[in-house]
Amino acid sequence: MKKSKFIKTTIAVALAMTQLFTGMSAHAYTNTGAVDTSNFIRGVDVSTLDMLEDLGAKYYQNGSESDALTILRNNGANYVRLKLWVNPYDKDGNAYGGGNNDYATTLALAQRAKNLGMGILIDFHLSDFWADPANQIKPKDWENLTYSELKTTLYNYMKTTLNDFASAGIVPDMVQVGNEISTGILHDDGKVGDGIEDFSNLAGLLESAISGVRDSAASNAKIILHLDQGGQNSLYTWFFGNLLKTSPNLDFDVFGLSYYPMWHGTMEGLQYNLNYLASTYNKEVCIVETAYAWTTEDGDGVGNVFISGDEDIAGYPATTDGQFEFMNDLESILLNVPNDKGIGFFYWEPEWLPVEGGTYASDAGVAYKNDTVTPSNTWDNMTLFDFNGNALDSIKVLNQPTQNLLSNISFEADGITTTPSGWNVWRSDSTSDETIKTEYGNAYDGNYKLTFWDDEAYSCSVYKTFTNLPNGTYQFSVWAMTNGDQNVLQLYAKNYGGSELNTTITTSDINWNIYSIDEIVVTNNTLEIGVYTVADAGDWCNLDMAILRKVD
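All of the points below concern the structure found in this document. Sequence positions are assigned chain by chain, starting from 1 and proceeding in written order. Local features in a predicted model are, by the rule used here, given only for residues with pLDDT of at least 70; side-chain atom pairs are given and counted only at 80 or more, and totals for whole chains, interfaces and linings are based on all residues. Based on all heavy atoms of the structure, the side-chain values leave hydrogens and waters out of the count.

### Let's talk about the packing of helix H4 (residues 147–167) against helix H5 (residues 200–214)
So, point 1. The interhelical angle for the contact between H4 and H5, taken along N-to-C directions, is 30°, at an axis separation of 7 Å. By the angle class used here, H4 and H5 are roughly parallel. With respect to the hand of their crossing, H4 and H5 are arranged in right-handed fashion. For the pair formed by H4 and H5, the contact residues are Tyr 147, Leu 150, Lys 151, Leu 154, Tyr 155, Met 158, Lys 159 and Leu 162 on the first element and Ser 200, Asn 201, Gly 204, Leu 205, Ser 208, Ala 209, Ser 211, Gly 212 and Val 213 on the second.
So, point 2. In the contact of H4 with H5, the residues fall into 9 nonpolar, 6 polar and 2 charged. An axis is simply a line fitted to the C-alpha atoms; with a helix, the fit covers only the stretch in contact. Between two such axes, the angle follows the N-to-C directions and lies from 0 to 180 degrees. Where helices and strands are cited, they refer to DSSP runs of H or I of at least four residues and of E of at least two residues respectively, numbered from the N terminus. Convention used here: angles under 35 degrees read as roughly parallel, angles over 145 as roughly antiparallel, angles from 65 to 115 as roughly perpendicular, and any remaining angle as oblique. Should the near helix be turned anticlockwise from the far one by less than a right angle, the crossing is termed left-handed; should it be turned clockwise, right-handed. Two residues form a contact once any of their heavy atoms are found within 4.5 Å. By the convention adopted, Pro, Cys, Tyr, Trp, Phe, Met, Ile, Leu, Val and Ala count as nonpolar, Lys, Arg, Asp and Glu as charged, and the other residues, Gly among them, as polar.

### Things to note about the pairing of strand S12 (residues 342–348)
So, point 1. For each residue, the accessible area found with a 1.4 Å probe, counting protein chains only, is set against the maximum for its type, and the residue is called buried under 20%, exposed over 50%, and partly exposed in between. Counting buried residues in S12 gives 7 out of 7 residues, a clear majority hidden from the surface.
So, point 2. Across 5 bridges, the pairing between strand S1 (residues 41–45) and S12 is parallel. The residue bridging Ile 41 from the neighbouring strand is Gly 344, located in S12.
So, point 3. By definition, two strands form a pair when at least two bridges between them are found by DSSP. Inspection of the sheet shows strand S11 (residues 284–290) paired to S12 by 4 bridges, in the parallel sense. What sits directly across from Ile 287, in S12, is Phe 345.

### As for empty space enclosed by the protein
So, point 1. Of the grid points, spaced at 1 Å and generated over the protein atoms alone, those admitting a 1.4 Å probe that cannot get out make up cavities, while open sets with protein on both sides within 12 Å along at least five of seven lines make up pockets; any residue with an atom within 4 Å of a point is treated as lining. Grid points are joined across faces, edges and corners, and a volume is the space filled by probe spheres set on the points. A complete count under the given rule lists 3 cavities of 30 Å³ or more for this structure.
So, point 2. What the second largest cavity holds in volume is close to 40 Å³.
So, point 3. Among the residues forming the lining of the second largest cavity, the class breakdown is 8 nonpolar, no polar and no charged.

### Focus: the packing of helix H6 (residues 233–246) against helix H7 (residues 267–281)
So, point 1. Packing of H6 against H7 leaves a shortest axis separation of 10 Å and a crossing angle of 20°. In terms of orientation, H6 lies roughly parallel with respect to H7. Judged by the sense of rotation from one axis to the other, the crossing of H6 with H7 is right-handed. Residue-level contacts link Asn 233, Tyr 236, Thr 237, Phe 240, Gly 241 and Leu 244 of H6 to Tyr 272, Asn 273, Tyr 276, Leu 277 and Tyr 281 of H7.
So, point 2. Split into classes, the residues belonging to the contact of H6 with H7 amount to 7 nonpolar, 4 polar and no charged.

What follows is the structure, given as structure tokens:
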């Protein structure tokens, strides 16, 4: 078992979620999932691609050379995320590097993506170079503006730039206002944290930027506000609690999160945070930056950010299989966000090969940032291509997620019943018919949940049997709440061509928690999955939001 694999452990989710899933037919293999995954974002941030190609980067799949963006699109990527810097050049016209993402560069990449039928997210860094929690440097041309002048300039910049994109044929589907803005934007005017708890200046700047978007040709774009540390709910409650107290009607649509499991907290923490944001604010959530290593080797010999030992923190091996497993678990987390609010992910710089000169900064960029390190590419073991540009097997993470094979996944279809449609029920001869039933209220997802309870000892299960199932690897998960005193309470998978698999459901009498069996390798086209219990009088368990999907 992986150390931090979210679905093998429990997650404290204290908030009741609300969503009504439509009940579906009881037993059919195809098209029985409750959520259509065709629009689920499988995005790629390829902001450095133009620079890499200019430096000679070549890309291949199955021995055939092709454009990197085309390869990514052909393997399922349906969105691009492209960063935009205001003026990434020094006074002598030397580019800062790292992709050289001025307007012309970003526009050209966006046009290539549009020609491939991909959605477009423009990531406004609101800086001349990299913006992140430690670097929110005001553009050079804005340095001497008053706060009032800065708000007006920001409004005009957003509006004019987006109108320029539109005139060139690009109306982005999504717009990100700032990049990893947990310390604010445009320091020091819009700085928060480090003793600054007044969010008024930051709120005013964000309001101006967002107004510029809404008054532009991209007025219908979804607006994203993006923080780092996706597994740290305390950061998000502090930041958005203060921001939205200051500006309660701030007009944005999506919470964007960066999440790298070796740096940003556990997968359990990520699931909790996503659920908290989606339910508290009734907004969509998206992982706008993520990636994982496929090796601990170093393609250019100058060091990488993912190094030996990070595997132990993250909980996945640095292999192509480990890379795929992490991304599949991340996808499952997003698909488990109630109300269909988990809209997808963006894999960060999957094409950043170790070509000579393909570094995060040029000499001019290093000077601008006042760095003391030699510019390098520290990302070459986090890509979806090997060091020679060959697509890795893990590129399949960009495929459309398979649908949920279960119907009536949140037990909403029948109201209160002892025979929930889409499921089979077994009770021992001494167990009452009323022991298993759906109940209204306090559900994880929707209005109803399935309960096990009796005032006498009981044994029962709820289960589903599949035949003519394509062979492959499947994942079964369910959310549960229980007093945890049962003799047996477990998820199971059997009759799939291997030994029965079990995951115990443990005490969680206050909060909903997710439990899963990850790797059910079906070899005989059949499978039975379910939840089984042997319990004493008064023992209870609630179940909700069950998912079975093919993952490989």
